[in-house]
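In case you want the letters, here they are:
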Amino acid sequence: MSMYGRDPWGGPLEINAADSATDDDRSRNLQDLDRAALSRPLDETQQSWLLGPAEQKKKKKYVDLGCIIVSRKIFVWTVGTLLASAFLAGLITLIVKTVPRHHHSKLPSDNYTLALHKALMFFNAQRSGKLPKHNNVSWRGNSCLNDGKSDSGTVYKDLVGGYYDAGDAIKFNFPASFAMTMLSWSVIEYSAKYEAAGELKHVKDVIKWGTDFFLKTFNNSADTIDSIAAQVGVGDTSGGSTTPNDHYCWMRPEDIDYDRPVYECHSCSDLAAEMAAALASASIVFKDNKAYSQKLVHGARTLFKFSRERRGRYSAGGSDPSLFYNSSMYWDEFLWGGAWLYYATGNSSYLQLATTPGLARHAGAFWGGPDYGVLSWDNKLTGVQVLLSRLRLFLSPGYPYEDMLRTFHNQTDIVMCSFLPDFRSFNRTKGGLIQLNHGRPQPLQYVVNAAFLAALYSDYLEAADTPGWYCGPNFYSVDTLREFARTQIDYILGKNPRKMSYIVGFGNHYPKHVHHRGASIPHNKIKYNCKGGWKWRDTSKPNPNTIVGAMVAGPDKNDHFHDVRTNYNYTEPTLAGNAGLVAALVALSGDKTARIDKNTIFSAVPPLFPTPPPPPAPWKP
């Protein structure tokens, strides 16, 4: 029996589902009613029940759109808003199309970046062989296309390409390979800065032009070799010789018609190890081009093996190279080549060699002396010390390398101290230029290398969260090192007593009589023979062609500079000098947010600690 109560007015109090419906439900139900039923006329009493007091007939407040009924006010407001929005959008479009546009130019580059663009162009001007389509040096053309072929006494018949060393047309592999190593090192550390400056592709093209040539100078497909083509062309004019050669003649490279001998060496540890360093470092630069990178690594291994097995200096015995790029020893190249091959291959045998105390002792790591701490095409010891300090700072491989790595790290700190004005290791000119070669000529090539190492080491310390280093009891911040690098490069860019930029084409006042054959002879389709070009060498008129980006040899110890073409000690640029300049400029360019690339150099280095063994198999009863 159902339970229900009774209403006092009569009828049950049973609660039906319909009574519990919400107002919304009722509203929907109401809409479902027959519209015709609602349209019957109601009497006055019925109207009072439903509508309250009777209303006068008014204008419809709703608009029937067929699928929906909306308020007339909302409808009018919506349509009006849409029309107004369309009008406003059209007006804005009209204004944008008719008002002149103002293009906001990029912020101007800093001086170091501007100089970097120019310094790299020097390498384009030094190219030998068949030039690429977009070399961008209007007064240069294809040259010396018979190098190798013209010397019947050499087995190397294709020596076309590479770079001319300086103001002449000789191709010296020893300083050229050092130059390519320095450029590769700078790309490995600062590829992001090169990219930001728009020069990454350019600098990689510069390096590849050099390494492609080095691969021609030995049997790069072999594992063992017995010779290297060390030099193309000769420059010895001693004894009053009048035989046409690259120093006696003053000719555009494009017009050379005299014989260019090839100098081969069969025991040249210094040259072979330096070339190995160049190829090994470049293999890291080109690691994304796997085939080419592996070719470079194989060549580097072959060269280094040759350097270790056939001991000797490439410039021994009064050879032509000894007159211009005489190597003092080969022990530093053993360390340098070994370090770069370790980074390129990850093979620990190269690291063991580079951290051998006996080799370091022979290389002068414990000697001191007046040239200690000076990186150059001849002595790479300081470069090795910085390069292996990097390994200790970021990977810290520990035993058995730690003792020698710590020694190199401490020696690097000492070298950095020697660069500071508080110390007396090196004098300075009154204008502030450090005299790393103790007042001898051509100082700038050493200064730019030191500036690069100082800026780079400061970046190493910052990346290792180290605020500075100690010189004796005194602590110096990393900013001190960068300030040293900046002041030296600023001197070269024009902040010196003569207010002269020593980079051709940079600033308003720079050398106009550069000791350079191609730049000094007009590009006028007239061929000047060996002696015919002498008049262009000896004229007091400025060079007709601007060799943009060339860093000249530099001022003397009194800040004096003689802009005279015939005095190469002031006005001759070199590959090695410009490579150090490029490296220093990119290290200083951009803002401080751009850091070094900590990891790329370690791409081939395996984990330094052994991988733990796998867990044992589950126990089975």
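Residues numbered from 1 in each chain as written. Predicted model: local features only at pLDDT ≥ 70, side-chain atom pairs only at ≥ 80, totals over all residues. Heavy atoms only, no water.

Things to note about the nonpolar core
Generally speaking, soluble globular proteins have nonpolar side chains that are buried together. Membership of the largest hydrophobic core comes to 168 residues, with the highest contact counts inside it found for Trp185, Ile228, Trp340, Tyr343, Phe452 and Ile489. Apart from the residues within four sequence positions on either side, Trp340 is in contact with Thr181, Trp185, Ile188, Ala277, Ala280, Ser281, Ile284, Leu387 and Ile601. Tyr164, Ala169, Tyr248 and Cys249 belong to the second-largest nonpolar core, a separate cluster that totals nine residues. (Core = buried A, V, L, I, M, F, W, Y, C linked by side-chain atoms within 4.5 Å. Buried < 20%, exposed > 50% of the residue type's maximum accessible area, 1.4 Å probe, protein only. Contact = heavy atoms within 4.5 Å.)

Here's the deal with the sheet that holds strand S3 (residues 171-172)
Spatially, S3-S4-S5 is the arrangement adopted by the three strands of the open sheet, whose pairing is antiparallel. With partners counted over all chains shown, the strands left at the sheet margins are S3 and strand S5 (262-265), one partner each. Two elements, S3 and strand S4 (residues 228-232), share two bridges in a ladder whose sense is antiparallel. Note on S4: the bridge partner recorded for Phe172 is Gln231. (Pairing = 2+ DSSP bridges. Helix = DSSP H or I, 4+ residues; strand = E, 2+ residues; numbered from the N terminus.)

Quick notes on the pattern of salt bridges
In this structure the tally under the stated criterion is 21 salt bridges. Between Asp246 and Arg260 there is a salt bridge, with its nearest N and O atoms 2.8 Å apart. Here Asp246, found in the loop between S4 and S5, pairs with Arg260, found in the loop between S4 and S5; they are 14 residues apart in sequence, far enough to count as distant. Per residue, the accessibility class of Asp246 equals that of Arg260, and both read buried. Taking the shortest distance from any N to any O, the salt bridge between Arg537 and Asp538 comes out at 2.9 Å. Beyond isolated ion pairs, a larger network of salt bridges with shared partners links Arg140, Arg252, Glu254 and Asp255. (Salt bridge = Lys/Arg side-chain N within 4 Å of Asp/Glu carboxyl O.)

Some details on the side chain of Thr574
On the secondary structure map, Thr574 appears in the loop between helix H20 (568-571) and helix H21 (575-588). In terms of polar contacts, Thr574 uses its side chain to reach the backbone amide nitrogen of Gly577, at 3.0 Å. Those residues in contact with Thr574 that sit more than four places away from it in its chain are Phe122, Asp165, Ala166, Tyr325 and Met551. (Polar contact = N/O pair within 3.5 Å; in protein donor to acceptor, adjacent residues only side chain to side chain.)

Topic: H21
Its 14 residues place the ends of H21 20 Å apart at the C-alpha level, agreeing with the 20 Å of an ideal helix rising 1.5 Å per residue. For H21, a buried count of 14 out of 14 residues is recorded, marking the element as mostly surrounded by other parts of the structure. Gly590 occupies a position one or two residues after H21 and carries a positive phi of about 75°. (Expected span 1.5 Å × (residues − 1).)

Brief notes about the packing of aromatic side chains
A complete count under the given rule lists 30 aromatic pairs for this structure. Their ring planes at 80° and their centres at 6.4 Å tell us that Phe304 and Phe334 sit as a pair that is edge-to-face. Placement of Phe304 in helix H9 (residues 290-309) and of Phe334 in helix H11 (residues 331-345) is noted, with a sequence separation of 30 residues between them. Pair check on accessibility: Phe304 and Phe334 agree, each one buried. An aromatic cluster is defined as three or more aromatic residues linked by ring pairs; in this entry it consists of Trp185, Trp336, Trp340, Tyr342, Tyr343, Phe452 and Phe602. (Phe/Tyr/Trp six-rings, centres within 6.5 Å; stacked < 30°, edge-to-face > 60°.)

As for the confidence of the model for the protein chain
Considering every residue of the protein chain, the mean pLDDT works out to 88; 85% of them sit at 70 or more. In the model, residues 100-107 has pLDDT below 50 throughout and makes zero contacts with residues more than four positions away in sequence or in other chains. (pLDDT = per-residue confidence, 0-100.)

Quick word on the packing of helix H7 (residues 200-216) against helix H8 (residues 269-285)
Relative orientation of the contacting elements H7 and H8 amounts to 135°, with a least axis distance of 10 Å. What the angle tells us is that H7 and H8 run oblique. Considering only the axes of H7 and H8, their crossing is left-handed. Of H8, the residues touching H7 (which contributes Lys204, Ile207, Thr211, Phe214 and Leu215) are Met275, Ala278, Leu279, Ala282 and Val285. When the residues that make up the contact of H7 with H8 are grouped by side-chain class, the tally is eight nonpolar, one polar and one charged. (Axes fitted to C-alpha atoms, helices over the stretch in contact; angles between N-to-C directions. Parallel < 35°, antiparallel > 145°, perpendicular 65-115°, else oblique. Left-handed = near helix turned anticlockwise from the far one by under 90°. Nonpolar A, V, L, I, M, F, W, Y, C, P; charged D, E, K, R; others polar.)

Quick notes on the side chain of Ser418
With respect to the element layout, Ser418 can be found in helix H15 (residues 402-419). What makes Ser418 buried here is its relative accessible area of 9%. Among residues more than four places away in sequence, those in contact with Ser418 are Ser425 and Phe426.

Describing the state of the cysteines
Applying the stated rule across the entire model yields three disulfides. Each disulfide pairs two cysteine sulfurs, and for Cys249 the partner residue is Cys530, the sulfurs being separated by 2.0 Å. In this structure the cystine formed by Cys249 and Cys530 twists about its S-S bond by roughly -90°; its chirality is therefore left-handed. Of this pair, Cys249 sits in the loop between S4 and S5 while Cys530 sits in the loop between helix H18 (517-520) and helix H19 (534-538), and the two are 281 residues apart along the sequence. In this pair, the class of Cys249 matches that of Cys530, namely buried. One disulfide in the model links Cys265 with Cys268; its S-S distance is 2.0 Å. One quick way to see it: the torsion about the S-S bond of Cys265 and Cys268 is about 65°, and its sign makes the bridge right-handed. Each bonded cysteine in the protein chain gets a number by its place in the sequence, and the pairs come out as 1-6, 2-3, 4-5. (Disulfide = S-S within 2.5 Å.)

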